[in-house]
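Each chain is listed here by its residues.
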Amino acid sequence: LQFRARNPENIRAADCPIDCWVIPAAGSACTLRYALYRLTVQGLRRCRSALANRPLTVGSLTEHRREFFTGRPVWRVDGQSYANRPEGYVRLVHAATGGLYWGHELVEDTVWETDAFWEE
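Cut-offs used in this document
Residues numbered from 1 in each chain as written. Predicted model: local features only at pLDDT ≥ 70, side-chain atom pairs only at ≥ 80, totals over all residues. Heavy atoms only, no water. Patch = residues over 30% accessible without salt bridge, like charges linked within 9 Å, V, L, I, M, F, W, Y side chains within 5 Å. Areas by Shrake-Rupley, 256 points an atom, 1.4 Å probe, with all protein chains shown as cover. Salt bridge = Lys/Arg side-chain N within 4 Å of Asp/Glu carboxyl O. Helix = DSSP H or I, 4+ residues; strand = E, 2+ residues; numbered from the N terminus. Buried < 20%, exposed > 50% of the residue type's maximum accessible area, 1.4 Å probe, protein only. Pairing = 2+ DSSP bridges. Axes fitted to C-alpha atoms, helices over the stretch in contact; angles between N-to-C directions. Contact = heavy atoms within 4.5 Å. Polar contact = N/O pair within 3.5 Å; in protein donor to acceptor, adjacent residues only side chain to side chain. Expected span 1.5 Å × (residues − 1). Arc of directions from axis to C-beta. Core = buried A, V, L, I, M, F, W, Y, C linked by side-chain atoms within 4.5 Å.

## A closer look at a nonpolar patch on the surface
Inference 1: A cluster of nonpolar side chains, F3, I11, I18 and F68, forms an exposed patch at the surface whose accessible area comes to about 300 Å².
Inference 2: Its location among the elements puts F3 in strand β1 (residues 2–3).
Inference 3: By relative accessible area, which is 34% here, F3 ends up partly exposed.

## Points about the pairing of strand β7 (residues 90–93)
Inference 1: Summarising the sheet, β7 and strand β8 (residues 100–104) pair through 4 bridges and their orientation is antiparallel. For V93, the partnering residue across the bridge sits in β8 and is L100.
Inference 2: Counting the residues that bridge the hairpin from β7 to β8 gives 6 residues, and of these G98 lies at a positive phi of roughly 80°.

## What about the sheet that holds β8?
Inference 1: The antiparallel open sheet is built from 3 strands, whose spatial order is β7-β8-β9. Sheet topology places β7 and β9 (107–112) at the edges, where each strand pairs with a single neighbour. Strand-to-strand, the axes of this sheet are offset by a mean angle of 35°, without reference to chain direction.

## A short note on the sheet that holds strand β6 (residues 80–82)
Inference 1: Pairing within the open sheet is antiparallel, and its 4 strands lie in the order β3-β4-β5-β6. Both edges of this open sheet fall to β3 (57–58) and β6, since each of them pairs with a single strand only.
Inference 2: As defined by bridge partners, strand β4 (residues 61–66) adjoins strand β5 (residues 73–77) across 3 bridges and the pair is classed as antiparallel. Opposite E63, over in β5, you have W75 as the bridge partner.

## Considerations on the environment of T114
Inference 1: Among the secondary structure elements, T114 is positioned in the segment after β9.
Inference 2: In this structure T114 comes out as buried when scored by relative accessible area, which is 4%.
Inference 3: Between the alpha carbons of T114 and G43 there is a distance of 16 Å; along the sequence they are 71 residues apart.
Inference 4: Ignoring anything within four residues of it in the chain, the contact list for T114 reads R48, L51, A52, N53, G99 and L100.
Inference 5: From its side chain, T114 meets the backbone nitrogen of L100 in a polar contact 2.8 Å long.

## Quick word on helix α1 (residues 32–50)
Inference 1: With 19 residues, α1 should reach 27 Å at 1.5 Å per residue; the first-to-last C-alpha distance of 28 Å fits that figure.
Inference 2: The set of residues buried in α1 consists of A35, V41, Q42, R48 and S49. Angular distribution of buried residues about the axis of α1 spans 140°; they occupy a single face of the element. In this structure, α1 carries L32, R33 and A50 as exposed residues pointing more than 90 degrees from its buried face.

## Describing the nonpolar core
Inference 1: Membership of the largest hydrophobic core is limited to 7 residues, which are L56, V58, L61, W75, Y89, W102 and V111.
Inference 2: Among residues more than four places away in sequence, those in contact with V111 are L56, T57, V58, Y89, Y101 and W102.

Okay, here's the thing in structure tokens:
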């Protein structure tokens, strides 16, 4: 189970939404190895988020908060919160260092969300 709480205290709430990850034992294209990989990656995302440079500004938007369960920044536009791509930017992982950054196909500068997660 993955609790979709906004903060650690909300995990105890009776109405805290959850994701239930079901790993099929047989007859599926999803192997146990792949399922464990996905769970590990989710945990690494959370760790990277804890190390994020804050406050994060991408384009003209500054993060409003972060999703506790994924670490994704949440943006506020016109009073509405959303976790999608701000102004066309895409969240990427730098292959050589594991650092998270935001890139845009029409903008040369990248916005670094985290420092290197491992050395080159």
